Amino acid sequence: MTSMSRARVARRIAAGAAYGGGGIGLAGAAAVGLLLAELQLARRRVGIGTPDRVPNARGLYGDGRPTAGEPPLRLMMLGDSTAAGQGVHRAGQTPGALLASGLAAVAERPVDLGSVAAPGACSDDLDRQVALVLADHGRVPDICVIMIGANDVTHRMPATLSVRHLSGAVRRLRTAGAEVVVGTCPDLGTIERVRQPLRWLARRTSRQLAAAQTIGAVEQGGRTVSLGDLLGPEFAQNPRELFGPDNYHPSAEGYATAAMAVLPSVCAALGLWPAEEEHPDALRREGFLPVARAAAEAASEAGTEVAAAMPTGPRGPWALLKRRRRRRVSETEPTPSAQPR
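Residues numbered from 1 in each chain as written. Predicted model: local features only at pLDDT ≥ 70, side-chain atom pairs only at ≥ 80, totals over all residues. Heavy atoms only, no water.

Trainee: I keep staring at the packing of helix H4 (residues 95-107) against helix H11 (residues 252-269) and nothing clicks. Help me out?
Mentor: Between two packed helices, both the angle of their axes relative to each other and the distance between the axes serve to describe the pair. Close contact between H4 and H11 brings their axes to 9 Å; oriented N to C, the two are set at 40°. Taken as axis vectors, H4 and H11 run oblique relative to one another. For the pair H4 and H11, the crossing hand works out as right-handed. Where H4 approaches H11, its residues Pro95, Leu98, Leu99, Gly102, Leu103 and Val106 are matched on the opposing element by Tyr255, Ala256, Ala259, Met260, Val262, Leu263, Val266 and Cys267. Per-class residue counts for the contact of H4 with H11 are 13 nonpolar, one polar and no charged. (Axes fitted to C-alpha atoms, helices over the stretch in contact; angles between N-to-C directions. Helix = DSSP H or I, 4+ residues; strand = E, 2+ residues; numbered from the N terminus. Parallel < 35°, antiparallel > 145°, perpendicular 65-115°, else oblique. Left-handed = near helix turned anticlockwise from the far one by under 90°. Contact = heavy atoms within 4.5 Å. Nonpolar A, V, L, I, M, F, W, Y, C, P; charged D, E, K, R; others polar.)

Trainee: Would you mind showing me how to read helix H5 (residues 126-133) here?
Mentor: Helical geometry note: an α-helix holds 3.6 residues per turn, so side chains three or four residues apart project in the same direction. Of all the residues in H5, the buried ones are Leu126, Gln129, Val130 and Val133. One side of H5 carries all its buried residues, which in axial view fall inside an arc of 100°. Contact partners of the buried residues in H5: strand S2 (73-79), strand S4 (143-147) and helix H7 (159-176). (Buried < 20%, exposed > 50% of the residue type's maximum accessible area, 1.4 Å probe, protein only. Arc of directions from axis to C-beta.)

Trainee: Sorry if this is basic, but what is going on with the pairing of strand S5 (residues 179-183) here?
Mentor: Strand residues, when the strand is regular, have side chains that alternate between the two faces of the sheet. Of all five residues in S5, four are buried, a share of seventy percent or more. For S4 and S5, the ladder comprises five bridges, and the chain directions are parallel. Directly across from Cys144, in S5, lies its bridge partner Val180. Here three bridges tie S5 to strand S6 (residues 223-225), and the two strands are oriented parallel to one another. By the bridge assignment, Val181 is partnered in S6 with Arg223. (Pairing = 2+ DSSP bridges.)

Trainee: I keep staring at the layout of surface pockets and nothing clicks. Help me out?
Mentor: Where empty space is left becomes clear once a probe the size of a water molecule has been rolled over the atoms. One number sums up the size of the second largest pocket: a volume of about 180 Å³. Looking at the second largest pocket, it is lined by 13 residues, and the ones nearest its centre are Val54, Pro55, Arg58, Ala84 and Ser115. Contributions of two or more residues to the lining of the second largest pocket are made by helix H3 (81-84) and strand S3 (111-115). (1 Å grid on protein atoms, 1.4 Å probe; cavity = no way out; pocket = protein on both sides within 12 Å on 5 of 7 lines; lining within 4 Å. Points joined across faces, edges and corners; volume = space filled by probe spheres on them.)

Trainee: Any chance you could explain the nonpolar core here in plain terms?
Mentor: Generally speaking, a soluble globular protein has its nonpolar side chains buried in company with each other. One finds Leu75, Leu99, Leu103, Val145 and Val262 to be the most contacted residues of the largest nonpolar core, which totals 36 residues. When residues of this core are traced back to their parent elements, those giving at least two are S2, H3, H4, S3, S4 and H11. At eleven residues, the largest contribution of residues to this core is made by H11. Excluding its chain neighbours within four sequence positions, the residues that come into contact with Val145 are Leu75, Met76, Met77, Leu78, Leu99, Val181, Val262 and Val266. With 22 residues, the next largest nonpolar core counts Val153, Ala212, Val291 and Ala298 among its residues. (Core = buried A, V, L, I, M, F, W, Y, C linked by side-chain atoms within 4.5 Å.)

Trainee: What is the right way to read unusual backbone geometry from this model?
Mentor: Most peptide bonds adopt trans geometry, and most residues besides glycine take a negative phi value. The residue Glu108 is not glycine, and still its phi comes out positive at about 55°. Relative to the helices and strands, Glu108 resides in the loop between H4 and S3. A residue is classified by how much of its surface remains accessible, and Glu108, at 69% relative accessible area, is exposed. The backbone phi angle of Arg285 is positive, close to 60°, even though this residue is not glycine. Residue Arg285 is classed as exposed on the basis of its relative accessible area, which comes to 52%.

Next comes the structure, spelled out in structure tokens:
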């Protein structure tokens, strides 16, 4: 599917989500029977060996000494098993801990990490998760990171419904005063044990959903990062290194790769990224685009950020597309110093 075709599909899905449209699904009706048969086979092949217990990474990261008058930054993780860190054994290996450690190093300020992410969650669970996040009106997070979408694909949730729940979550969090970064649906077409033709269909539907999620989130004031690399080309080339023991959830190295793709956007949302890197670079094909086109391009290239940029014009909302430089984990990852609650 071309970028322009994906942009049209994403815009149609996002419009259906915004205006109450019904069942624009992620797969054509003719493919549903085949999808279900292949999906059942795939589920028997993956999901073996995942630790039942998700590490508890909640706590304080950094040196633990807030600057006078500056309390710790509050980072909250929402979403599914990838946001929670299922598949690894130590708290410091989860994406929340990696993001909190990196943010603390960049901000030179402690970071208080919380999480309401739930393994197995689909986008319709975000309503519950946001309610938990906003239950204490005096402790609204500075930044929320949402990773969601993979289960929406595997459970065949209509894309319009998926995007509607995500858009509502971003809107509620932004209205409360929190910045929001969404890690969009990863490329499920690279799961090693998923066979063709489900592999092709999973890739196509994952990217369609990721593009539609981008439109919905950006239009509500959030910014998105394509997480194709969570299960993307690097994972396909190095499955033994980047997948965990269940061949579905990332390993510690895989989560580190994803976290380092998201960290620059988290810092930028809080005004902590170097100002010179916030200007679009034409040599890296960055710039201002209609949001649907930016969403489609981002879905095709992992690590790409999309953020609202201009008021709505004749061609709809505009966005800034950034292909942020992705540094090696060894260059950016500090040693976590969490104090679990």
